[in-house]
Amino acid sequence: MTPSDRVATGLLTRADGFVQLITPEGERRADPDLDRWVVDIDTEALRGLYRDMSVLRRIDSEGIALQRQGEVGLWPPLLGQEAAQVGSARALRSDDFVFGSYREHGVAWVRGIDPADVLRVWRGAASSGWNPYDYGMAVPQIIIGAQSLHATGWAMGAKWDGSDAAAVAYFGDGATSEGDVNEALVFAASFEAPVVFFCQNNGWAISEPVGLQSKQPLAQRGDGFGVPGIRVDGNDVLAVLAATRIALDRARRGGGPTFIEAVTYRMGPHTTADDPKRYRTDDELADWRARDPIARVGALLAASGLDLETLEREVEVEAARAAGALRASIATMADPEPMTVFDHVYAEPHSHLDRQREQYARYLAQFDDGASAQTEGGAR
Ligand SMILES: Cc1ncc(C[n+]2csc(CCOP(=O)(O)OP(=O)(O)O)c2C)c(N)n1
């Protein structure tokens with residue numbers, strides 16, 4: 001890595017400075033602060049985390065393949081972020097509420113949401129893929145950082161209701177530059193809201209490196225708001241699980257918000273519309289491949305005497321089944337009626353929206369077959 005690369009990627013090049021329980025080589029590290037939070041994670045539970053991450057990786061690559069084949073308009077890959085998502089989501093209770101961005105397919109998977117319901121939004125077959133109250137997870141948020149405000153509001157409400165449930169806001173490193181995230185931190189701190197700000201620092205906000213956006217570790221941002229931060233190796237599923245449990249416990253006991261910075265890396269493109277070769281080096285990617293979140297758990301399991309090849313074969317069968325189901329689900333996704341785009345925008349009727357609806361209906365009426373003219377072609 002050249003000095004200029006180091007400046008560009010900034011903090012990400014640091015291998016130290018975060019809490020870690022499993023090294024990239026798959027060695028278990030002792031940590032007096034974190035260990036007690038994961039005493040229940042025996043070999044069987046670790047196998048479960050390995051399986052989750054592996055199946056998820058396959059679902060994600062199927063999403064990309066479907067986009068390349070014209071079945072889906074866009075897909076934001078999570079390759080490399082499996083540990084950050086699975087480790088944090090596995091710490092949650094079913095009555096906690098997740099407010100994610102658009103990349104949290106892994107969190108959705110752990111919450112029990114069918115990947116097909118995630119995919120249908122990217123295909124344009126639905127405005128939102130699932131009922132948030134069924135899974136304790138809001139539908140994807142495209143406006144960068146907005147979900148941090150929603151999470152804080154939900155957490156304030158939960159606290160006032162006397163519940164000990166917590167909210168989690170997932171967002172990226174780039175989102176920390178947004179006003180919404182900073183406003184959410186102010187409110188959460190002031191009202192001691194039971195919310196965990198979970199920042200996946202994956203190195204890049206599209207083509208903008210984190211080193212240019214933050215001159216200090218993002219976890220320290222919370223300090224200025226009175227929100228304590230934990231900087232964790234985001235490619236270490238066990239450490240992420242422990243850190244999230246600590247933050248949730250704090251929230252449930254009335255301690256207020258915590259900011260977690262999970263230091264990870266987006267190994268794929270920002271979305272399938274992006275070409276990361278234009279802004280990052282092969283060396284940087286290779287450096288992060290060596291810190292693969294799944295491989296290190298595999299190495300740890302193998303070192304503990306487990307037959308890794310057999311586990312890999314089992315996981316492969318499950319992953320293929322999940323990917324096959326995702327692909328097959330496309331056939332069940334009907335094109336939506338164009339006018340339904342106005343449904344669910346507001347809870348109450350609204351004259352401005354009514355005007356837009358009328359205008360759009362007139363526009364569609366210009367075509368011989370208005371509805372089909374708008375929806376022709378399988379790919380969006
Ligand atoms: C308010 C707002 N500004 C700009 C955009 C365009 N945009 C989409 S993704 C993105 C970068 C986000 O980076 P980061 O927060 O690090 O999350 P990541 O995609 O890396 O997970 C931007 C600027 C947007 N969606 N919303």
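In this convention, every chain numbers its residues from 1, walking through the sequence in written order. Thresholds applied to this predicted model are a pLDDT of at least 70 for local features of residues and 80 or more for the giving and counting of side-chain atom pairs; totals over whole chains, interfaces and linings are not thresholded and use all residues. As a rule here, side-chain values cover all heavy atoms of the structure and leave hydrogens and water aside.

Caption draft 1: Inspection of the site of the ligand at higher detail. Neighbouring residues are identified by heavy atoms, a residue being near a molecule or strand if any of them is within 4 Å of it. Y102, R103, I142, G174 and A175 are the nearest of the 15 residues found near the ligand. Between the ligand and D173, the relevant distance is 3.2 Å, taken from an oxygen atom to a main-chain nitrogen or oxygen of the residue. Using the Shrake-Rupley algorithm and a 1.4 Å probe, accessible areas are obtained, with residue cover drawn only from the displayed protein chains. Expressed as a share of its isolated accessible area of 580 Å², the protein-covered part of the ligand is 71%. Pairing of N or O atoms within 3.5 Å defines a polar contact, subject to two protein rules: one partner must be a possible hydrogen donor and the other a possible acceptor, and residues neighboring in sequence count only if both atoms are side-chain atoms.

Caption draft 2: Spotlight on the pairing of strand β2 (residues 167-172). Residue burial is assigned from relative accessible area. The probe radius is 1.4 Å, only protein chains are included, and a residue is buried under 20% of its type maximum, exposed over 50%, and partly exposed in between. Working definition: helices are DSSP H or I runs of at least four residues, strands are E runs of at least two. Numbering for both runs from the N terminus. A large share of β2 lies buried, amounting to five of its six residues. One ladder, built from three bridges, connects strand β1 (residues 97-99) with β2; its direction is parallel. By the bridge assignment for β2, F99 is matched with A169. Strand pairing is assigned whenever DSSP identifies at least 2 bridges connecting the two strands. With six bridges connecting them, β2 and strand β3 (residues 195-201) associate as parallel partners. Looking at the pairing, G172 lines up with Q200 of β3. Taken together, β2, helix α8 (residues 179-190) and β3 constitute a β-α-β crossover, and its handedness is right-handed. When the strands point away from the viewer and the connection leading from the first strand across the helix to the second strand turns clockwise, the crossover is called right-handed.

Caption draft 3: Molecular detail of the nonpolar core. What we call a nonpolar core is a set of buried Ala, Val, Leu, Ile, Met, Phe, Trp, Tyr and Cys residues that are connected through their side-chain atoms within 4.5 Å. Ranked by size, the top nonpolar core spans 68 residues in total, and within it L46, Y50, L119, F198 and V297 carry the most contacts. Of all the elements, helix α10 (residues 237-252) adds the most residues to this core, at ten residues. If sequence neighbours within four positions are ignored, V297 has contacts with I22, L46, Y50, M53 and V237. Ranked by size, the runner-up nonpolar core spans 22 residues in total, among them M156, A167, F197 and V227. Any two residues whose heavy atoms approach within 4.5 Å are treated as being in contact.

Caption draft 4: Broad picture of the packing of helix α3 (residues 82-89) against α10. Here an angle of 0 to 180 degrees is reported between the N-to-C directions of two axes, which are lines fitted to C-alpha atoms, with helices fitted over the stretch in contact. Packing of α3 against α10 leaves a shortest axis separation of 7 Å and a crossing angle of 40°. For the element pair α3 / α10, the angle class is oblique. Where α3 crosses over α10, the two elements pack in a sense that is right-handed. Of the residues in α10, those touching α3 at A83, A84, V86, G87 and S88 are V237, V240, L241 and T244. When describing relative orientation, an angle under 35 degrees is termed roughly parallel and one over 145 degrees roughly antiparallel, while 65 to 115 degrees is termed roughly perpendicular and anything else oblique. Two helices crossing with the near one rotated counterclockwise from the far one by less than a right angle form a left-handed crossing, whereas a clockwise rotation gives a right-handed crossing.

Caption draft 5: Quick look at the side chain of T23. For T23, the location among the structural elements is in the loop between α1 (3-9) and α2 (43-68). In this view, T23 contacts R29 and R296; residues no more than four positions away in its chain are not counted.

Caption draft 6: The arrangement of the packing of aromatic side chains in detail. Stacked, tilted and edge-to-face are the three classes applied to pairs of Phe, Tyr and Trp rings, where Trp contributes its six-membered ring and a pair requires centres within 6.5 Å; stacked means planes under 30 degrees apart, edge-to-face means over 60, and tilted covers the rest. With the rule as written, the count across this model stands at 13 aromatic pairs. Aromatic pair F97 and F99: ring centres 5.0 Å apart, planes at 35°, arrangement tilted. Across the pair, exposure class does not vary: F97 and F99 are buried alike. Ring pairing ties together the aromatic residues F97, F99, Y133 and W154, which thus form one cluster.

Caption draft 7: Quick peek at the environment of V263. Structurally, the position occupied by V263 is in strand β7 (residues 258-263). Assessed through its relative accessible area of 0%, V263 is described here as buried. Along the primary structure V263 and V240 are separated by 23 residues, whereas in three dimensions their C-alpha atoms are 9.8 Å apart.

Caption draft 8: Fine view of the packing of α2 against helix α13 (residues 308-329). Axis separation between α2 and α13 bottoms out at 9 Å; the angle between their running directions is 40°. Compared by their axis directions, α2 and α13 come out oblique. Relative to α13, the crossing made by α2 is right-handed.

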